[in-house]
Amino acid sequence: MPVISTIVLAQGPDWIQFDVEAFVSQFWSNTIDGLAYGSIYALVAMGYTMVYGVLQLINFAHSEVFIVGAYAVFFVLSALGFGPSAPNLSVAALVGDLVLAMLVAMLVSGLVAVALERVAYRPLRRRNAPRLAFLITAIGASFAIQYALFAWRGANPEPAVIMFRPKPVFEIFGATIDSQQLVIFGAAIVLMIITDMFVNRTRLGRGLRAVAQDPDTATLMGVNKERVIVLTFLIGGILAGAAALFYVMKVPAGVQFNGGFILGIKAFAAAVLGGIGNIRGALLGGLLLGVIGNYGQTLLGNAQWTDVVAFVVLVGILMIRPTGILGESLGRARV
Amino acid sequence: MTTSSTSPKTGTASEATPTTGRGWFFGLGDQWNSLPRPQQWAWLVPVVVLIYALPLLNPPLLTTEPGTNFPLALFDVARFALIAIGLNVVVGQAGLLDLGYVGFFAIGSYVAALLTSPDSVLWHIPYLWTLPLAMAVTMVFGLILGAPTLRLRGDYLAIVTLGFGEIVRLLATIVEPLKGQVGFQSVGHPPGTNSEGNAIFAVSNGTPWYWLCVTITIIVLFLVGNLERSRVGRAWVAIREDEDAAEIMGVATIRFKLWAFVIGAAIGGLSGALFAGQIGFVNNQKFDVPTSVLFLAAVVLGGSGNKVGVILGAFVVSYIPNRFVELAAYKYLIFGVALIVLMIFRPQGLLGARQRLLAYGRQAYLRIVGKPEQLSSDSSLKGEGDRIS
Amino acid sequence: MARARRIAAVASGAVLAVVLAGCAANQGASTDSGAASASADIPAVTTLPVPPDAQKPAGNGQATCSGVSIAFAGAQSGGNAQLGINILNGVQLAINQHNQANPNCQVTLKKFDTEGDPGKAPGIVTQVTSDSDIIGVVGLPFSGESKATGAIFEQAGLVHLTPSATNPTLTQNGWTTFFRALGNDNVQGPAAAKFITGKLGAKKVCVIQDDSDYGIGLANATNQALGAVAADCQDKVTTGQKDFSAVASKVIAAKPDAVFYSGYYAEGAPLDQQLVTKGFTGKFVGPDGVKDDKFIQQAGDASNNAFFTCPCVPGELLPDFASAYQGVSGGSAPGTYSLEGYDSTTILLRGIDSGIKDRAALKDYVKNYDADGFSKHFKWDSTGELATTAVYGYKVDNGKIVYIGTIG
């Protein structure tokens, strides 16, 4: 620490500066883009938050569930003739293709999540293993999937698949909102509302909340705990698959073996920020983190700060208010 | 491996039944454990001599050549062993999962680089002084990070440390005086030249570096071993086994957890400074999360809580990719799968930690019972902890 | 559950449809202006003059030697492998041609994989220097690993020619064994600046750099040459970054005529794609680290606005070399720095053919070398920099990288 502060004093802090002017002038465009990216975080964060709510387990490998979905999107769209150039399709055909890609990605991600539960976590639950063992397994699974993808597809990102060329739709405070941002934000919100309704209104959702609140009592009351756990992983995986479509839409060349890792950590940070175990918290946290990251990098002068901002938010929130903004609960009435 | 549980609450029936029988290596372990410590040390002398002689012997099957220079590969093993011993204090002894250990390693490297490299604008000191200084600086960082977070649940700590490690790496990129990927060249090394006037501790000369690192590792092993047998060590075991019970019994859990965290950080910083000196070049690469996970794999693989075990783990993690070059590209895949498989089938690692009587207790046991104490093979990953229901 | 998924799909499909319908009306109207026409300004060059007396690896076929080896040390696996493989294939081709033509002088090629990792390279290079058969080395490809290992080569007196490490400080360490077979970033930066403000006619430029040794050094050199033109539009990105929306906002707000990206294609491609998506209509200029077919694959049709500068010669325009190369590489065309690797090897082979058997003599031979290669004229100054170097221009045309002549 003394070393660091001495360097700063000796050199003058020319590596850190506050670009307030840029921050103000790009405020709205940063906000809009942050919301679009943040809704991807939010969808991924849902997987973390639900698994945590039910099992108190940080499913570290969820980022790989997500990136496998992105590979699925890539393969489906490539097979449908999408490529580095925006296709010339009618709106109906385009929507049909994208929905197909999304369904496949949801299926693949959901299956991977369930398989992960079966292969890696269930034996540990049977053995009544300590929490640390789960976390180490999750890290192992994360690396195993990442580097299996690496061994299969290599280090380079897959070629871009561009779904459509975004068109400006309307302007707000001088910032343009384009069709891509609107699609991502809108679809993510719809998916989140459906999930929220599912958890709150359906019989299965009630079982899920019951297990989150008190697994033993829930079992006594006739809830099939194993089924609920599988369901939790499945929903998390499905949402990650949907997130994968929007991610590829936004970052067409982002399909890479380790592409999910940082995004996963950010999504986890979003879940913690909103209050882990809390579905609405995940949405709030995701949107906030997306926006904060954009503000941070503009304010601090360059894009290298984005990840630092996200990690500082994560570490800060865990140190100061580990229950997050909305408080952690899947079982309690708040959900 | 015989397991006899110390805790009546442990999971399955077979584990709960105390079994008598042969220890590891057909009873050799029992014999070893019943030896008084001076005799154990006497037996260790030839082993240590052999370890020191390895780079000179360059044994045919063991050698990593022609792929990698053997003494340098050995240095890498020794460096990993030191790291694993440090991380073991945190993960194995105190049961705290530290995913940002590479952050402390990085800080140690940067302390050495900033104070010895001609690329740095700071005042310069002799290289050997940077070793204790690196430990001191990382201890401060450990304290700053640990004090607020050690109140948290175990898995939150893991994520906070992960975030910390990444912040260290990213700041090394962004903060200009730390020179990002450009890095620091000609980091210092211990003094001394050979008859031809070349530095003994040259980048290409692995043997002296290996000897230095092994010597430091032995000293650290000795210190950490004594610490484990002290009140601090007993407190760690108590915390690892059941934090709440320890707290009720009057163990200042947060203080002792902080001790473990800070001592682990110091050893990480020390190994970082050694690494910087040997490579002679420090930049922001290789302080990333995969490296951190590799460190963790070394500890978990060998057997967290068991010093010999984690050295074995470090050997596996560092040596295999150097010896079998064609496996190097798949090392993260292999060790990732290994972590999953281990947690399911052998959570205590290759050599598990042992619950055992400390100091004179074992001699007393031998006299009274007439046979060596029965050891349980247990670890924080297998024993009682907070659970996922 | 199935029901929830179905609802989800239908609902998000509905959102897609509504939004897309709104913007489909003006689809296709704005694609033909701006980016697409930019690359039409500068015509492609399809031939490359080969110096008539360029040294070939085969030599005169009369050489005699035995027990000597040349080593290639560089990335053959890991994330940075492609560049290393490009070079290795060039090296292998030179060795093959030499050994075929000289039955009495069979030179062995020994390959060492550094993964481009400065932490791993010292162990490997130490191993290279301890093999007394090896009297010359081609490598190492990257600046970071070259920095970490230069002293080891120097101590062993083993000459090494880097076909691709372009960091200017590498020749300022007093190493007598280090030779660079191409221009460094201090040559490329000013050439790129001249190209951007001259041929491309840009009045305002944004310079974006990554966090690599290479990106930072090159950005500094380019910024110096650009001066006021780029003074108030600078940004930095990180290796591995995928989302450049805030960078794009910044660039669009600054309204530059061109963006110079100082880094590698892995970040450059999504950056260009996101810039164009956001409505950037200027030109995108990248250095040798961006010039790769992968750039076009990953940036998609956005890459039509891209130009590249490179101290590398377009090996694919030399038909004999290109077809022979494909025999070694398993069908792929010569890549960035393949020809530099080929030429570097040729220089070492010429030395061996002249009867040299030890490291000291080969080092002197390289030091006093003065002849044409396929890519350029090779003659070094006392620090190991080439006396004369050129920078070449490229552009993207219809999804292909084409050569547009010398730019500096």
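Owing to the predicted nature of the structure, the values given are computational and were not obtained by experimental measurement.

Rules of the game
Residues numbered from 1 in each chain as written. Chains lettered and ligands numbered in written order. Predicted model: local features only at pLDDT ≥ 70, side-chain atom pairs only at ≥ 80, totals over all residues. Helix = DSSP H or I, 4+ residues; strand = E, 2+ residues; numbered from the N terminus. Buried ≥ 20, exposed ≤ 12 C-beta atoms within 10 Å, placed from the backbone. Contact = placed C-beta atoms within 7 Å. Rg over C-alpha atoms; globule rule 2.2 N^0.38 Å. Pairing = 2+ DSSP bridges. Axes fitted to C-alpha atoms, helices over the stretch in contact; angles between N-to-C directions. pLDDT = per-residue confidence, 0-100. Expected span 1.5 Å × (residues − 1). Nonpolar A, V, L, I, M, F, W, Y, C, P; charged D, E, K, R; others polar. Parallel < 35°, antiparallel > 145°, perpendicular 65-115°, else oblique. Left-handed = near helix turned anticlockwise from the far one by under 90°.

A.B. asks: Could you clarify how one ought to interpret the overall build of chain B in this entry?
C.D. replies: In terms of helices and strands, chain B carries 15 helices and two strands. Here chain B, with 389 residues, has 54% of them falling under the buried criterion. Sequence separation of 24 or more characterises 76% of the internal contacts of chain B that already satisfy a separation of 6 or more.

A.B. asks: Explanation requested: the overall build of chain A in the structure shown.
C.D. replies: Of regular secondary structure, chain A possesses 13 helices and two strands. Its C-alpha atoms give chain A a radius of gyration of 21 Å, near enough to 20 Å, the size a compact globule of 335 residues would have. Taken over the C-alpha atoms alone, chain A extends approximately 60 × 60 × 40 Å along its principal axes.

A.B. asks: How do you make sense of the sheet that holds strand S2 (residues 108-113) of chain C when you look at a structure like this?
C.D. replies: By definition, the strands of a sheet pair up through backbone hydrogen bonds, in either a parallel or an antiparallel sense. Residue and element names in this part refer to chain C. Read across the sheet, five strands follow the order S2-S1-S3-S4-S5 without closing on themselves; strand pairing throughout is parallel. Of all the strands in the sheet, just S2 and strand S5 (178-180) have a single pairing partner and so form its edges. Strand-to-strand, the axes of this sheet are offset by a mean angle of 25°, without reference to chain direction. Relative to strand S3 (residues 134-138), strand S1 (residues 69-74) is paired through four bridges, and the arrangement is parallel. Paired with Ser69 across the bridge in S3 is Ile134.

A.B. asks: Is there a simple way to explain the confidence of the model for chain B in this structure?
C.D. replies: One rule of thumb: low pLDDT means the predicted coordinates there are not for detailed reading. Residues and elements named next belong to chain B. Across chain B, the average pLDDT comes to 81, with 83% of residues at 70 or higher. Confidence scores differ between elements of chain B, with helix H1 (residues 13-16) showing the lowest mean pLDDT of 39 and helix H5 (residues 101-116) the highest of 94. Per-residue pLDDT stays below 50 along residues 1-23; that stretch engages in 36 contacts with residues further than four places along the chain or on separate chains. As a predicted assembly, this complex carries a pTM of 0.83 together with an ipTM value of 0.85.

A.B. asks: What should I look at first to understand helix H9 (residues 265-277) of chain C in this one?
C.D. replies: Residues and elements named next belong to chain C. Helix length check: H9 (13 residues) gives 17 Å between terminal C-alpha atoms against 18 Å at 1.5 Å per residue, within 8%. Burial analysis of H9 places 13 of its 13 residues in the buried class, the great majority of the element. Of the residues trailing H9, Gly279 is marked for its positive phi of about 110°.

A.B. asks: Just checking my understanding: could you explain the interface of chain B and chain A for this structure?
C.D. replies: How big an interface is tends to be expressed through the accessible area that disappears when the partners come together. Taken together, the contact between chain B and chain A spans 49 residues of the former and 48 residues of the latter. Elements represented by at least two residues in the side of chain B that touches chain A include exactly H5, helix H6 (127-149), helix H7 (154-174), helix H12 (289-302) and helix H14 (331-345) of chain B. Top element by residues in the side of chain B that touches chain A is H7(B). It accounts for 14 residues. Of the residues belonging to the side of chain B that touches chain A, the class tally is 34 nonpolar, 10 polar and five charged.

A.B. asks: In this structure, what is going on with the sheet that holds strand S14 (residues 400-406) of chain C? I would like to understand it.
C.D. replies: Residues and elements named next belong to chain C. Taken in spatial order, the seven strands of this open sheet run S7-S6-S8-S9-S10-S13-S14, and their pairing is mixed. Unpaired on one side and paired on the other, strand S7 (234-236) and S14 mark the two borders of the sheet. Across this sheet, the average inter-strand angle for adjacent strands is 25°, counted without regard to direction. The sheet contact formed by strand S13 (residues 392-397) and S14 spans six bridges and is antiparallel. Bridge pairing in S14 links Asp397 to Lys400.

A.B. asks: Would you mind going over the pairing of strand S4 (residues 159-162) of chain C with me for this structure?
C.D. replies: On any regular strand, side chains alternate: one points to one face of the sheet, the next to the other face. Residue and element names in this part refer to chain C. The two faces of S4 match: Val159 and Leu161 on one face and His160 and Thr162 on the other face are all buried. Pairing analysis gives three bridges linking S3 to S4, with the strands arranged parallel. Along S4, the bridge assignment pairs Val137 with His160. Across three bridges, S4 lies against S5 in parallel orientation. Directly across from Leu161, in S5, lies its bridge partner Phe179.

A.B. asks: Explanation requested: the packing of helix H3 (residues 27-55) of chain A against helix H12 (residues 279-299) of chain A in the structure shown.
C.D. replies: The angle between the axes and the distance between the axes are what describe a pair of packed helices. All names here are of chain A. Viewed as axis vectors pointing N to C, H3 and H12 meet at an angle of 140°, and their least axial separation amounts to 6 Å. The pairing of H3 with H12 is recorded here as oblique in orientation. In terms of crossing hand, the pair formed by H3 and H12 is right-handed. Classifying every residue of the contact of H3 with H12 gives 14 nonpolar, 13 polar and one charged.

A.B. asks: I keep staring at the environment of Asp397(C) and nothing clicks. Help me out?
C.D. replies: Residues and elements named next belong to chain C. Structurally, Asp397 can be placed in strand S13. Using a count of 16 C-beta atoms within 10 Å as the deciding quantity, one classes Asp397 as partly exposed. For the pair Asp397 and Ala306, spaced 91 residues apart in sequence, the C-alpha to C-alpha distance is 8.8 Å.

A.B. asks: Even after reading the chapter, I still don't get the confidence of the model for chain A, so can you show me in this structure?
C.D. replies: Mean pLDDT for chain A: 86, with 93% of residues reaching 70 or above. Across chain A, the secondary-structure element scoring lowest on mean pLDDT is helix H1 (residues 2-11) of chain A, at 43, and the one scoring highest is helix H4 (residues 62-79) of chain A, at 95.

A.B. asks: What is the right way to look at unusual backbone geometry in this model?
C.D. replies: Keep in mind that most residues, glycine aside, have a negative phi and that most peptide bonds are trans. Residues and elements named next belong to chain C. For the peptide bond that leads from Gly139 to Leu140, omega is 0°, which places it in the cis range. Mapped onto the elements, Leu140 comes out in the loop between S3 and helix H5 (143-156). Positive phi is not limited to glycine here, since Lys255 has a value of about 50°. Note that Lys255 resides in the loop between helix H8 (245-254) and strand S8 (258-262). Judged by the 12 C-beta atoms lying within 10 Å of it, Lys255 falls in the exposed class. Positive phi is not limited to glycine here, since Asn398 has a value of about 50°.

A.B. asks: Hey, could you run me through the packing of helix H3 (residues 37-57) of chain B against helix H8 (residues 206-229) of chain B in this one?
C.D. replies: Residue and element names in this part refer to chain B. Between H3 and H8, the least distance of the axes is 10 Å, while the angle of their chain directions is 165°. Taken as axis vectors, H3 and H8 run roughly antiparallel relative to one another. Crossing angle aside, the handedness with which H3 passes H8 is right-handed. Residues Ile51, Tyr52 and Pro55 of H3 pack against Gly206, Thr207, Tyr210, Trp211 and Val214 of H8.

A.B. asks: Help me understand the pairing of S1(C) in this model?
C.D. replies: All names here are of chain C. The buried count for S1 comes to five of six residues, which makes it a mostly enclosed element. Bridge count between S1 and S2: six bridges; the pairing is parallel. In the strand pairing of S2, Phe72 is matched with Lys111.

A.B. asks: What is the right way to look at the environment of Ile216(B) in this model?
C.D. replies: Residue and element names in this part refer to chain B. With respect to the helices, strands and loops of the structure, Ile216 is situated in helix H8. Each C-alpha atom of the pair Ile216 and Gly269 lies 13 Å from the other, and the pair is 53 residues apart in sequence. Ignoring anything within four residues of it in the chain, the contact list for Ile216 reads Leu82 and Leu270.

A.B. asks: Honestly, the environment of Val291(A) in this entry has me stumped. Any pointers?
C.D. replies: Considering the arrangement of structural elements, one finds Val291(A) in helix H12. Considering only alpha carbons, one finds Val291(A) and Met249(A), 42 residues apart in sequence, at a separation of 19 Å.

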